[in-house]
Amino acid sequence: MLNFIFIYYFGLIGAIYATLITYFIRFVMYDFFAKKLFNKYKISLRYYFYYLLFTFLIFLILGYIHVDLQFISKVFIYILLICFCLLFFYFNLNATNKIKLKFLIVKKFQG
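Residues numbered from 1 in each chain as written. Predicted model: local features only at pLDDT ≥ 70, side-chain atom pairs only at ≥ 80, totals over all residues. Heavy atoms only, no water.

## Focus on the packing of aromatic side chains
Scanning the model with the defined rule gives 3 aromatic pairs in all. Aromatic pair Phe 6 and Phe 10: ring centres 6.0 Å apart, planes at 85°, arrangement edge-to-face. Of this pair, Phe 6 and Phe 10 both sit in helix H1 (residues 2-10), separated by 4 residues, roughly a single helical turn. For the pair Phe 10 and Tyr 17, a centre-to-centre distance of 6.4 Å together with 85° between the ring planes defines the contact as edge-to-face. Chaining the aromatic ring pairs together yields one cluster made of Phe 6, Phe 10 and Tyr 17. In this arrangement the basic side chain of Arg 26 is found over the ring face of Tyr 23, its NZ or CZ atom lying 4.6 Å from the centre. (Phe/Tyr/Trp six-rings, centres within 6.5 Å; stacked < 30°, edge-to-face > 60°. Helix = DSSP H or I, 4+ residues; strand = E, 2+ residues; numbered from the N terminus. Lys NZ or Arg CZ within 6 Å of the ring centre and 35° of its normal.)

So, in structure tokens, the structure goes:
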């Protein structure tokens with residue numbers, strides 16, 4: 001429903017805002033039910049803020065990326081976005097999961 005409203009008033013940027021709002025609501029609902037059903041999942045409000053900022057920036061960049069850029073520039077920006085996504089999720093891992101991830105990556109490249 002947000003897409004119908006926002007696209008009518010804001011165009012392509014409205015679709016970005018509608019998707020951002022929907023994804024954030026979905027994330028909060030998933031976290032709420034995960035905490036209710038499984039007590040071990042604890043996500044801080046700081047992570048919510050980072051997630052909201054992260055998704056806002058991603059959708060905003062993707063919305064403006066198709067304006068007047070050449071193909072090679074778009075590919076370069078997509079690669080930067082993928083690197084940014086990986087860094088975002090890596091820095092939000094706890095220390096134990098970072099060690100496990102490093103071990104899995106090293107193991108994958110060694111054999």
